[in-house]
Amino acid sequence: MFDYQSYLKVHGPGYVGKTRPIIEGVKLCTRSGRSCSECGTRTGVRLSCFCCAEVLCGDCRVSSASEFALVIGNKKGICKRCWDLVLLEDQESSSENDIESDDDSEEITSDDAESIGSSEAPTNLPCNIWKQNRFASLVADNIRLVYMKKSLVEELMKEQPHCWKSKVIGSFVRVKTDPRDYSRTNYHQLAEVQGILKESSTSEFLVQVLTSNVTDTPVSQLSDCNFTEEECEDLRQDVANCRLLRKPTVFELEHKARELHEDVTKHWIRKELVRLQNCVDWANEKGRRAELDEYMEQRELLKQACEQERLLKQVPQAIVEVMS
């Protein structure tokens, strides 16, 4: 039980080994019925704290999410007050460990450091939160892990009608830039999907993306092409200049990437086989023997079940942002 601003946050009786509530006659307040801690609106909870009763509604989530240390997707985290306590405890624990290991410390080689960085993070708190809550770098390799083309979104709509929305939300898509924004030099921009709407008049699904302003884009108007490095740079500038946009944490990006990995990989394999076949036809028509052999070798390798299985078993790893 956690007492916070006259509210009681509790675990279920079974969690603490009880068959009935410990305190009789106390009205317990669940998060789904809570008022937003920022604006006081009694609405659905979009972001809640693990450690206390702090909750945010959808509107306040956008403006105040930077004060939360996000842990699970975009819905669970630790508020600033509790996060300060977590960091304080972590610092005290680290100081004690440093004193104990001061006499027999060993030098960590670069190979050891690389191994530690690529290994799975521990599941205990607060160390896991500290590592996984670092920001992920907004580079092409990271964005590619959670980037969805129009054809993939449409494919999921048909094949996974019950869960496609949850997969698309939190991913990145490529949309046309506002023609009235003369500061833009590219025709397209990358944007994170915040929600899915359905237009009543046409029954068409709209993707709600968060750019410098919230824009509703029909699924049919999403880009089906690869994004460019220049568009990644635009995204980094947008995040730096607009407080509505936020960087994903390592945990968020890897969590979303692993959710999408199978769908994204299978979609890429199908597209890549088509591309390689076109390259084979072109090289054969032009008489480019060396290039023909190379394309055919790549195509035959990708057709093999063992190679496809290898690609599907790869675990997405996010690149951590390096602070200058």
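Summarised in this report is the structure supplied together with it. Nothing here was measured: the structure is a model prediction, and the numbers come from that model.

## With respect to the packing of aromatic side chains
Reasoning step 1: Applying the stated rule across the entire model yields two aromatic pairs.
Reasoning step 2: Between the aromatic rings of Y147 and F227, the centroid separation amounts to 5.0 Å while the plane-to-plane angle is 85°, which identifies the pairing as edge-to-face. One end of the pair, Y147, is in the loop between α5 (140–145) and α6 (150–159); the other, F227, is in the loop between β10 (214–218) and α8 (229–241), and 80 residues separate them in sequence.
Reasoning step 3: You can call Y147 buried: its relative accessible area is 6%.
Reasoning step 4: Aromatic pair W164 and F205: ring centres 5.1 Å apart, planes at 85°, arrangement edge-to-face. One end of the pair, W164, is in helix α7 (residues 164–168); the other, F205, is in strand β9 (residues 205–210), with 41 residues separating them in the sequence.
Reasoning step 5: The class of W164 is buried, set by a relative accessible area of 3%.
Reasoning step 6: When its relative accessible area of 19% is taken as the criterion, F205 is described as buried.
Reasoning step 7: A cation sits over an aromatic face here: K247 above F135, 5.6 Å from the ring centre.

## Section: the pairing of strand β7 (residues 172–176)
Reasoning step 1: The buried fraction of β7 is high, at four of five residues.
Reasoning step 2: In this structure, β7 lies alongside strand β8 (residues 188–198), joined through five bridges in antiparallel fashion. Across the sheet, K176 pairs through a bridge with H188, a residue of β8.

## A word on the pattern of salt bridges
Reasoning step 1: As enumerated under the stated definition, the model contains 20 salt bridges in all.
Reasoning step 2: Linking K271 and D224 is a salt bridge whose minimum nitrogen-to-oxygen distance equals 3.6 Å. Of this pair, K271 sits in helix α9 (residues 250–286) while D224 sits in the loop between β10 and α8, placing them 47 residues apart in sequence.
Reasoning step 3: Note that K256 and E259 form a salt bridge whose closest N and O atoms lie 3.1 Å from each other. With K256 and E259 both in helix α9 and three residues apart, this pair spans about one turn of that helix.
Reasoning step 4: With a relative accessible area of 7%, K256 lands in the buried category.
Reasoning step 5: Residue E259 is classed as partly exposed on the basis of its relative accessible area of 31%.
Reasoning step 6: Among the ionic contacts, a cluster of salt bridges with common partners joins E229, E233 and R236.

Rules used throughout
- Residue numbering note: each chain is counted from 1, following its sequence as written.
- Only residues with pLDDT of at least 70 get local features here, since the model is predicted, and only at 80 or more are side-chain atom pairs given and counted; chain-wide, interface and lining totals rely on the full set of residues.
- Note that water and hydrogens are dropped before the side-chain values are worked out from all heavy atoms of the structure.
- In this analysis, rings of Phe, Tyr and Trp, with Trp reduced to its six-membered ring, are considered paired at centre separations within 6.5 Å, and the interplanar angle assigns stacked below 30 degrees, edge-to-face beyond 60, and tilted for intermediate values.
- For the purposes of this entry, the term helix denotes a DSSP run of H or I that reaches at least four residues, the term strand denotes a run of E that reaches at least two, and both are numbered from the N terminus.
- For every residue, the accessible area obtained with a 1.4 Å probe (protein chains only) is divided by the maximum for its type, and the residue is called buried under 20%, exposed over 50%, and partly exposed between those limits.
- We count a charge as sitting over a ring when the NZ of a lysine or the CZ of an arginine lies within 6 Å of the ring centre and within 35 degrees of the ring normal.
- Here the rule is simple: two strands pair whenever DSSP picks up at least two bridges between them.
- A pairing counts as a salt bridge when a side-chain nitrogen of Lys or Arg comes within 4 Å of a carboxyl oxygen of Asp or Glu.

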